[in-house]
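A structural walkthrough
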Amino acid sequence: MQTKIYAYKIAQLVLSAIRRCFKTCKFPVLLFIFVFIFQIPTSAQENEYEEIPVNVRILGAGSTDMYPLYNSKSEKLFLPVFDLLMFLHIKVESSVNLDSLSGFIINEDEKYLIDNSKKQIFVHGKFYQLKDTELIKTEIGLYLEDELFGKIFGLHCEFRFRSLTLEIKPDFEIPAIREMRLNQLRENSNNLKGEEKADTTIGRTYHVSKFGMVDWALNSTQSTSQNNDIKLWLATGMELFAGEANFMFNYSLNHGINSRNQQYYWRWVNNQSKTAKQIKVGKISPSGIASVYDPLVGISVTNAPTTYRRSFGEYTIHEYTEPGWTVELYINNVLIDYQIADASGFYSFDVPLVYGTSELMLKFYGPYGEERTREETLNIPFNFLPPGEMEYTLTSGYVLDDKYSKYGRLEIKYGLNRFLTCSGGFEYLSSISKRNKIPFLSAMITPFQNLLIYGEYAHGVRAKTQVNYKLPAGPMFELNYIHYMKAQEAIKLNYLKERSALLSVPFNFSFLNGYTRWSFKQNVFEKLTYNAANATFSSFFGKVNTNISTYANWLKGSDPYIYGNLGLGVRLAHGFSIRPQGQFDFTRERFTLLKAEIEKQISRSGYFSVSGEKNMNSSYRSLLFSFRWNFSFSQVNFNAHFSNNQIQTDQGARGSFAFGSENGYIHTANRSSVGLSGVAIIPFVDLNHNGKKEVDEPFAEGLTVKLNEGRILSKRQDSVIRITGLQPHTKYILSIDDTKLEQLSWQLKNRRICVYTDPNQFKKIYIPVFPMGEVNGHVFLKEENKTKGQGRITVNFYDNKGKLAASTMTESEGYFTFLGLSPGNYYAEVDRIQMKRLNMKAIPSSTNFSIKPTADGDIVYNIKFVIERIANTAN
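None of these values were measured; they are calculated from a predicted model.

Let us now look at the overall build of the protein. Along its length, the protein carries six helices and 64 strands. Considering only contacts in the protein between residues 6 or more positions apart, those separated by 24 or more positions represent 50%. Carbon together with sulfur atoms contributes 55% to the accessible area of the protein, which is approximately 46900 Å² in total.

Considering the arrangement of structural elements, one finds Asp 146 in helix α4 (residues 146-153). We note that Asp 146 is buried and unpaired, the nearest opposite charge coming from Lys 76 at a distance of 7.9 Å. Sequence-distant contacts of Asp 146, defined by excluding residues within four places in its chain, comprise Leu 77, Leu 79, Cys 157 and Phe 159.

A few words now on the pairing of strand β23 (residues 326-331). Among the six residues that make up β23, five are buried, leaving the element largely enclosed by the rest of the structure. When β23 meets strand β26 (residues 360-365), the two strands line up antiparallel, connected through six bridges. Along β26, the bridge assignment pairs Tyr 330 with Met 361.

Pairing within the open sheet is antiparallel, and its four strands lie in the order β59-β58-β61-β63. Edge positions in the open sheet fall to β59 (804-809) and β63 (847-851), since each of these has one partner strand only. Neighbour-to-neighbour, the strand axes of the sheet open up by a mean angle of 25°, direction not taken into account. Across five bridges, the pairing between strand β58 (residues 794-799) and strand β61 (residues 824-830) is antiparallel. Following the sheet pairing, Asp 799 is matched in β61 by Tyr 826.

This part is about empty space enclosed by the protein. A complete count under the given rule lists three cavities of 30 Å³ or more for this structure. Lining the largest cavity we find Arg 204, Tyr 206, Val 269, Asn 270, Asn 271, Gln 272, His 729 and Tyr 756. Of the residues in the lining of the largest cavity, the class split is three nonpolar, four polar and one charged.

For the rest of this paragraph, the subject is the packing of aromatic side chains. Summed over the entire model, instances satisfying the criterion amount to 30 aromatic pairs. Measuring from ring centre to ring centre gives 5.6 Å for Tyr 561 and Tyr 563, while their planes differ by 35°; the resulting arrangement is tilted. Classification of Tyr 561 as partly exposed rests on a relative accessible area of 31%. Taking the centre distance of 6.1 Å and the plane angle of 85° together, the rings of Phe 625 and Phe 642 count as edge-to-face. Of the two residues, Phe 625 is situated in strand β44 (residues 620-630) and Phe 642 in strand β45 (residues 634-643); the sequence distance between them amounts to 17 residues.

Attention shifts here to the pattern of salt bridges. A full pass over the atoms with the stated rule returns 23 salt bridges. For Arg 462, the salt bridge identified is with Glu 456, shortest N-O distance 2.8 Å. Each member of the pair, Arg 462 as well as Glu 456, carries the same accessibility label: buried. Two residues, Arg 751 and Asp 738, come together in a salt bridge whose shortest N-O distance is 2.7 Å. On the criterion of sequence distance, the pair formed by Arg 751 in the loop between β53 (746-747) and β54 (752-756) and Asp 738 in the loop between β52 (731-737) and β53 is long-range, its members being 13 residues apart. Of the residues examined, Arg 751 reaches a relative accessible area of 37% and is grouped as partly exposed. Through salt bridges with shared partners, one network takes in Arg 204, Glu 239, Asp 758 and Lys 763.

Attention now goes to the side chain of Asn 468. The topology assignment puts Asn 468 in strand β33 (residues 462-470). Look at Asn 468 and you get buried, because its relative accessible area is 1%. A distance of 3.0 Å separates the side chain of Asn 468 from the side chain of Glu 478, its partner in a polar contact.

Moving on to the sheet that holds strand β50 (residues 711-714). With mixed pairing, the five strands of this open sheet are ordered in space as β50-β51-β48-β55-β53. Both edges of this open sheet fall to β50 and β53, since each of them pairs with a single strand only. Pairing of strand β48 (residues 677-685) with strand β55 (residues 762-771), which is carried by eight bridges, proceeds in the parallel orientation. By the bridge assignment, Ile 681 is partnered in β55 with Ile 765.

Here we come to the environment of Thr 200. Here Thr 200 is to be found in strand β15 (residues 200-202). Residues Thr 200 and Val 755 lie 555 residues apart in sequence; the distance between their C-alpha atoms is 8.7 Å.

In this model, Ile 843 is joined to Pro 844 through a cis peptide bond whose omega is -5°. Here Pro 844 is to be found in the loop between β62 (840-843) and β63. The backbone of Glu 75 shows a phi angle near 55°, a positive value even though the residue is not glycine. With a phi angle near 55°, Leu 164 is a residue other than glycine that sits in the positive phi range. Considering the arrangement of structural elements, one finds Leu 164 in the loop between β13 (155-160) and β14 (165-170).

Ranked by size, the top nonpolar core spans 37 residues in total, and within it Tyr 112, Ile 114, Leu 144 and Phe 153 carry the most contacts. Aside from chain neighbours lying at most four places away, what touches Phe 153 is Ile 105, Tyr 112, Ile 114, Ile 121, Val 123, Leu 144, Leu 148 and Phe 172. Counting residues in each nonpolar core, the second largest holds 28 residues, with Phe 816, Met 840, Val 860 and Ile 867 among its members.

This part takes up the environment of Thr 847. By the element assignment, Thr 847 lies in strand β63. Taking the C-alpha atoms as reference points, Thr 847 and Tyr 826, 21 residues apart in sequence, are found 8.5 Å from one another. Discounting residues that sit within four places of it in the chain, Thr 847 has contacts with Tyr 826, Tyr 827, Ala 828, Ile 863 and Phe 865.

Glancing now at a nonpolar patch on the surface. A surface patch of nonpolar side chains, amounting to about 660 Å² of accessible area, comprises Leu 218, Ile 230, Leu 232, Leu 234, Phe 249, Tyr 251, Leu 253 and Ile 257. When residues of the nonpolar patch are traced back to their parent elements, those giving at least two are β17 (229-240) and β18 (243-252). For the nonpolar patch, the leading source of residues is β17, giving three residues. With respect to the helices and strands, Leu 232 occurs in strand β17.

Turning next to the pairing of β17. Two elements, strand β16 (residues 209-223) and β17, share twelve bridges in a ladder whose sense is antiparallel. Bridge assignment links Met 213 to a residue of β17, and that residue is Gly 237. Relative to β18, β17 is paired through ten bridges, and the arrangement is antiparallel. Bridging from a neighbouring strand, Glu 239 pairs with Glu 244 of β18. Where β17 folds back on β18, the antiparallel hairpin that results is connected by two residues, among which Phe 241 adopts a positive phi of roughly 50°.

Counting buried positions over the eight residues of α4 gives six, a clear majority of the element. If you check which residues of α4 are buried, you get Asp 146, Leu 148, Phe 149, Gly 150, Ile 152 and Phe 153. Note on α4: the residue one or two positions beyond its end, Gly 154, has a positive phi of about 80°.

The next point concerns the environment of Gly 514. Tracing the chain through its elements places Gly 514 in strand β36 (residues 513-524). You can call Gly 514 buried: its relative accessible area is 15%. For Gly 514 and Phe 541, which are 27 residues apart along the polypeptide, the C-alpha to C-alpha distance reads 8.6 Å.

Do not read the predicted coordinates in detail wherever pLDDT is low. Residues at a pLDDT of 70 or more form 88% of the protein, whose mean pLDDT is 85. Within the model, the stretch residues 1-46 combines pLDDT values under 50 with 25 contacts to residues more than four positions away or in other chains.

The rules behind each value
- Residues numbered from 1 in each chain as written.
- Predicted model: local features only at pLDDT ≥ 70, side-chain atom pairs only at ≥ 80, totals over all residues.
- Heavy atoms only, no water.
- Helix = DSSP H or I, 4+ residues; strand = E, 2+ residues; numbered from the N terminus.
- Contact = heavy atoms within 4.5 Å.
- Areas by Shrake-Rupley, 256 points an atom, 1.4 Å probe, with all protein chains shown as cover.
- Buried < 20%, exposed > 50% of the residue type's maximum accessible area, 1.4 Å probe, protein only.
- Lys, Arg positive; Asp, Glu negative; His and termini not counted.
- Salt bridge = Lys/Arg side-chain N within 4 Å of Asp/Glu carboxyl O.
- Pairing = 2+ DSSP bridges.
- Axes fitted to C-alpha atoms, helices over the stretch in contact; angles between N-to-C directions.
- 1 Å grid on protein atoms, 1.4 Å probe; cavity = no way out; pocket = protein on both sides within 12 Å on 5 of 7 lines; lining within 4 Å.
- Points joined across faces, edges and corners; volume = space filled by probe spheres on them.
- Nonpolar A, V, L, I, M, F, W, Y, C, P; charged D, E, K, R; others polar.
- Phe/Tyr/Trp six-rings, centres within 6.5 Å; stacked < 30°, edge-to-face > 60°.
- Polar contact = N/O pair within 3.5 Å; in protein donor to acceptor, adjacent residues only side chain to side chain.
- Core = buried A, V, L, I, M, F, W, Y, C linked by side-chain atoms within 4.5 Å.
- Patch = residues over 30% accessible without salt bridge, like charges linked within 9 Å, V, L, I, M, F, W, Y side chains within 5 Å.
- pLDDT = per-residue confidence, 0-100.

Below, the structure is given as structure tokens:
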């Protein structure tokens, strides 16, 4: 290729000179040029074959660089057979004198033989006779014409000279592709099981005491008809006695400090433990059968992990909140999805069903800060377990009611098989005058795909059944039936039976998508039956969101009361949005409520809105002005509410602090930080390669990190990479990229790091960046008192203990280089096995050198080897 390029350039120069000579008519110069032209082919033909660098690619197996031979006269490419078969992971062995190659393809019965002395190839039970120009032998191996790989072996080659690439398309699944496919299947299987591969793992670090997170909120209210009030909310999170400790303090100027409104708990987590994975002490949330409306103080122990386990189905929930509010769905404290409620406040989630107990939580965020955060815990009955796995939860404590009632609950679940999970237990509440001991049994079964059935019996309290069926296309149907025992006191309800049915159908067209839902609910009392029906249509069309809901309520034997809501949300240009809403009474045939809101987005962080409301039933009128601005450290809001003869104003702000992320940096945010975790990644130049940060070792700039969750922060003032918003006690896989490091010699040992987060703090992870040494030189071939650079010769580097540290291969002109040696003493030598196979020896046999520890990486130059054939050795 180089000869071709040089000849092309020389031809251009010659033609230019000829033109100038004809213009000046200088005959001697013209004669000299013609002599030079006739000499060029002679020098070009001295070496008919030359090595060229080619990138060999195989779809599904990757690529590699090789140095095949190229015949510029015939424009044919000859591939190194041994190297190519090794790249394809096809078994290959070479004879001592390099005259033949043998092995097998795929299985041992598919043997092949490439014989240069006879110019024959035996494969698939057939002999192929070759021409002398189709199989070439050199000092270092055999080369076969690229077209013959397709005709004989089924490895079709397509060579592109312009890009110097060779694409191979095999007729069969080569071993390299099969191995990659099997490895990918294993990796996918491990990912489903939560067993992602990592280069190293950094486990939980337990501390006696470590402070880390603070949340705060301040709100002031002024009213013409009520007392003014100031509310303060303060939350702190820390690690205490190796557990997570969270304290929430509430104060009101009008009501002072109410002990019922204060929250506190300590939780110890060890997901690797077999007996108890979680222990929680403080105010806990009981999810039992009996109605407990007051706070519960006690202890809870379970062997259920906090980690999110693999899902095997979905369960749909539909609820209502305020229009335009953001709703976040959490499963076991892990954010799964979020939505913005439509024009009527309707939202819907497809909740993934996971093995084991799942704590589902919805968090609601008002668009103007008027309602900071309200949390609601949902209980889904379908809690399957893998076959043979047992899970228990034990809760005990006392209720902060007038009687300080004692409470206890033990529940044990067991996975009988993949389709059936059974559970049972015992619940106790001392405030129940009769039958305060409640034994219960339940079962969850999925007889076939997409059908879920749940049954529960609580002795003396209730019997419950729920059936859920969801089609793969999206429609979902659900039936519920609950029968309450007469005179039961555990559940504070005054009806005896409860029946409900629900059908939801999502739709998605090219121009319109949305959701429809039909529901019916019936409560049977002792002397009457109450019925309620609802039909909802929610759609999105471009920038328009529509919600139409119709409700009907009636008692058995009476006429129904029917009313409906119509909500509309439209996004306009220049950041404007409007949301009109109305309620119509179909029974009385008149509107009962009209409401409208217009909102303007200011820059990227501010919102201003004006909303008005008129209620025809009570002659209530109101006008609300709201303003919100999101700073990076805080969210502030101002509201002015005018209604009839009352004026009320509100001012509020909220935010959070996170400490301990190195260099005295305090992270501020406008969302909550307590109960979460962070990671501080600190890259440094490890001069002595001991993996520990020393005082004199500088920070390394240019490292980048990838993580699917959390928020990655990079500060110009330092080299620390901070990740916030992570869940505590959870495993994360960090992908480290060193391509943007300042020095080419800086390298990483671990690029995928598994990290288990610590609660309420930044976990510091020191990433050693190793300045590696480089060595380069030449290998020359000596023949008949002449030397030339020799390509495709392997050079090995050994440490002072004789252990192989690295290898490299020479380029076409004999040059070699390798970057990646740690500081220390080494020696280099030409590969002995290759020399034996080629019947050659290297002079010198080895060369000693040292890599010194420097911040930029040491370089050793100009190591030389001369190889020559061993005398009196047969070819």
